[in-house]
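Summary of structural features
Letter by letter, the chains look like this.
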Amino acid sequence: MSSAAVPPHPPRLADHPDFALFWISRVASSLAFQVLAVAVGWMVYDLTRSALALGLVGLFQFLPLLLLTLVVGQVADTFDRRRIVMACQAVAAATLAALAAGLLSGAAGVPALFATVSLIGATRAFEHPTLNALLPGLVPADLLPRALAVSASAIQTATIAGPALGGLAYAVAPTLSIALAAACYAVAALAMALVRHRAARVQRGPVSLETLLSGLAFIRRSPVVLGSISLDMFAVLLGGATALLPIFASDVLHVGAEGLGVLRAAPAAGAVAMAFVLSRVPLTRSVGPTMFAAVAVFGLATIVFSLSTSYWLSLGALAVLGAADNVSVVIRSSLVQLSTPDEMRGRVSAVNSLFIGTSNQLGEFESGVTAALLGPVGAGLMGGIGTILIAAWWVRLFPALWRIDDMPARPKPAPQAAKAIEIT
């Protein structure tokens, strides 16, 4: 008796349970950070009524990233990436629990808030590049672009729920929002503790200046990687009007903490919708031009948001901004990850995180300073126009990036890479 051979089903993310745990951990961690961002932003502005103080929140988050980048990359390429991520999330949970206790006792003020965001910035300096380096080891190469889109949706899903939850919790009690963020970090650490996978590790050798700087050297040698991450850095650095959302919510649109939460969630709503599309229709053609077009749309949406005095138009502009940003993020992440050998991925991801941190946290500082000089509308308008000009300029600076049609193949590991080891 014969039976027809059953054809194998196409590769699916559902066949990789470690990725599901990774996704849960990333959602919970991102949710914690978004809840914290709403709470700290509102607390600082409520206590100081200062755009510059809001900008300082971003600066205090960025400084640890700047100081730790080279060390982070070396650590991520030498030690168990899963344990690094888990430890960062556990430390963040303990830090926020301590802040909540300080708020309850009345001992915590603006300096304590700045100290907290600095410590959280330090944990994220290790967590994010290590997470990015960990992901390619959880799925096969042909699923990586789809996994990156779904992973990006984890962040954006949290960015939808986090601000809304943070705003509601803050309306009940400021301490509740901080405690909620601490609980989310604890869940993230637990999910990461359950991940089991086999991952290649390079042999541990002496740490030297050359090994610390090797990530920068690799990026300099790769126009595609350098162009991708620098485009994102300068575009978001200039177009960071979302850092001024507490001012727009309070002084322009006249909504409260709940309205601020919805405004912060709007970019993520657009990003999740786009991630849903990209997870089912992956980008396979005209990759370079699509990324540049997405950055230009990001700038245009920033201009519309900055000029709007309508709550609903502002929400729509922020949603378009988030959708465009998600397209850029998925393309950039895929290009960087697929162009980097695994034994270099931690160091390259650390430098990439520094670029992202420069655009996000330092961008918040830049937006705060500009808003203090020009007002929030002027700062947002200038940033949106600058983003569009950056996209046009980068086409000329990195023509190889513009000409990319499809995603590169994953590079082969270097000969010196150690054999895979079991992580338990």
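Residues numbered from 1 in each chain as written. Predicted model: local features only at pLDDT ≥ 70, side-chain atom pairs only at ≥ 80, totals over all residues. Heavy atoms only, no water.

Scanning the protein from terminus to terminus reveals 14 helices and two strands. Expressed as a percentage of the 424 residues in the protein, the buried residues total 57%. In the protein, the proportion of contacts linking residues at least 24 apart, taken out of those at least 6 apart, comes to 88%. Summing over all exposed atoms, the protein offers an accessible surface of approximately 17,200 Å²; the carbon and sulfur share of this is 70%. (Helix = DSSP H or I, 4+ residues; strand = E, 2+ residues; numbered from the N terminus. Buried < 20%, exposed > 50% of the residue type's maximum accessible area, 1.4 Å probe, protein only. Contact = heavy atoms within 4.5 Å. Areas by Shrake-Rupley, 256 points an atom, 1.4 Å probe, with all protein chains shown as cover.)

Attention shifts here to the packing of aromatic side chains. In total, this model carries seven aromatic pairs according to the counting rule given. Aromatic pair tyrosine 311 and tryptophan 312: ring centres 5.6 Å apart, planes at 65°, arrangement edge-to-face. Through a chain of ring-to-ring contacts, the aromatic side chains of Trp393, Trp394 and Phe398 assemble into a single cluster. (Phe/Tyr/Trp six-rings, centres within 6.5 Å; stacked < 30°, edge-to-face > 60°.)

Next up on the list: the nonpolar core. Counting 50 residues, the largest nonpolar core has Leu96, Ile178 and Tyr185 as its most contacted members. For this core, the leading source of residues is helix 1 (residues 17-48), giving 11 residues. In this view, tyrosine 185 contacts Ser29, Ala32, Phe33, Gln89, Ala92, Ala93, Leu96, Ile120, Arg124 and Glu127; residues no more than four positions away in its chain are not counted. Val224, Val295, Ile331 and Ile404 belong to the second-largest nonpolar core, a separate cluster that totals 21 residues. (Core = buried A, V, L, I, M, F, W, Y, C linked by side-chain atoms within 4.5 Å.)

All right, on to the packing of helix 11 (residues 287-307) against helix 12 (residues 311-338) then. Close contact between helix 11 and helix 12 brings their axes to 8 Å; oriented N to C, the two are set at 155°. One element, helix 11, and the other, helix 12, form an angle in the roughly antiparallel class. Between helix 11 and helix 12 the crossing geometry is left-handed. The residues of helix 12 that touch helix 11, namely those facing Val287, Thr290, Met291, Ala294, Val295, Val297, Phe298, Ala301, Thr302, Val304 and Phe305, are Leu313, Ser314, Ala317, Leu318, Val320, Leu321, Ala324, Asp325, Val327, Ser328, Ile331 and Arg332. (Axes fitted to C-alpha atoms, helices over the stretch in contact; angles between N-to-C directions. Parallel < 35°, antiparallel > 145°, perpendicular 65-115°, else oblique. Left-handed = near helix turned anticlockwise from the far one by under 90°.)

At their nearest, the axes of helix 3 (residues 81-105) and helix 4 (residues 110-134) sit 9 Å apart, and the two run at 160° to each other. Regarding the angle of helix 3 to helix 4, the classification is roughly antiparallel. Along this stretch, helix 3 crosses helix 4, giving a crossing that reads as left-handed. Here Arg81, Arg82, Ile84, Val85, Cys88, Gln89, Val91, Ala92, Thr95, Leu96 and Leu99 of helix 3 come into contact with helix 4, specifically with Ala112, Leu113, Thr116, Leu119, Ile120, Thr123, Phe126, Glu127, Thr130, Leu131, Ala133 and Leu134.

It is worth spelling out the pattern of salt bridges at this point. Side-chain pairing between opposite charges can occur once the charged atoms of the two side chains come close. This structure, assessed with the given rule, holds one salt bridge. Close ionic contact of arginine 83 with aspartate 80 constitutes a salt bridge, the shortest N to O distance being 3.1 Å. (Salt bridge = Lys/Arg side-chain N within 4 Å of Asp/Glu carboxyl O.)

So, about a nonpolar patch on the surface. A cluster of nonpolar side chains, namely Leu52, Val369, Leu373, Leu374 and Met382, defines an oily patch on the protein surface of about 470 Å² accessible area. If you tally residues by element for the nonpolar patch, the top one is helix 13 (residues 342-397), at four residues. With respect to the secondary-structure elements, methionine 382 resides in helix 13. Under the relative-accessibility criterion, methionine 382 is labelled partly exposed at 42%. (Patch = residues over 30% accessible without salt bridge, like charges linked within 9 Å, V, L, I, M, F, W, Y side chains within 5 Å.)

Along the polypeptide, serine 118 turns up in helix 4. When neighbours within four sequence positions are excluded, serine 118 is seen to be in contact with Phe60 and Pro64.

As for its position among the elements, valine 27 is in helix 1. For the pair valine 27 and threonine 157, spaced 130 residues apart in sequence, the C-alpha separation works out to 7.2 Å.

Moving on, we come to the environment of serine 50. Mapped onto the elements, serine 50 comes out in the loop between helix 1 and helix 2 (51-76). The partly exposed category is assigned to serine 50, whose relative accessible area is 22%. Here the alpha-carbon distance between serine 50 and glycine 368, two residues 318 residues apart in the chain, equals 8.8 Å.

For helix 9 (residues 245-252), the buried fraction is high: seven of the eight residues fall into the buried class. Leu245, Pro246, Ile247, Phe248, Ala249, Ser250 and Val252 are the residues of helix 9 that are buried. Positive phi appears at histidine 254, one or two residues downstream of helix 9, with a value of about 60°.

A positive phi angle, near 60°, is found at histidine 254, a position not held by glycine. Mapping histidine 254 onto the fold places it in the loop between helix 9 and helix 10 (257-280). For histidine 254, a relative accessible area of 60% puts it in the exposed group.

The next point concerns the side chain of threonine 130. Counting through the fold element by element, threonine 130 comes out in helix 4. Look at threonine 130 and you get buried, because its relative accessible area is 0%. For threonine 130, the residues in contact, after removing those within four places along its chain, are Ala76, Arg81, Ile84 and Val85.

On to the confidence of the model for the protein. Looking at the protein as a whole, its pLDDT mean stands at 78, while 81% of the residues score no less than 70. For the protein, strand 2 (residues 421-423) is the element with the lowest average pLDDT, namely 33, and helix 6 (residues 174-193) is the one with the highest, namely 93. This stretch, residues 1-7, has a pLDDT under 50; its non-local contacts, to residues over four places away or in other chains, come to zero contacts. Between residues 414-424, whose pLDDT stays under 50, and residues either more than four places distant or in other chains, the model counts 26 contacts. (pLDDT = per-residue confidence, 0-100.)

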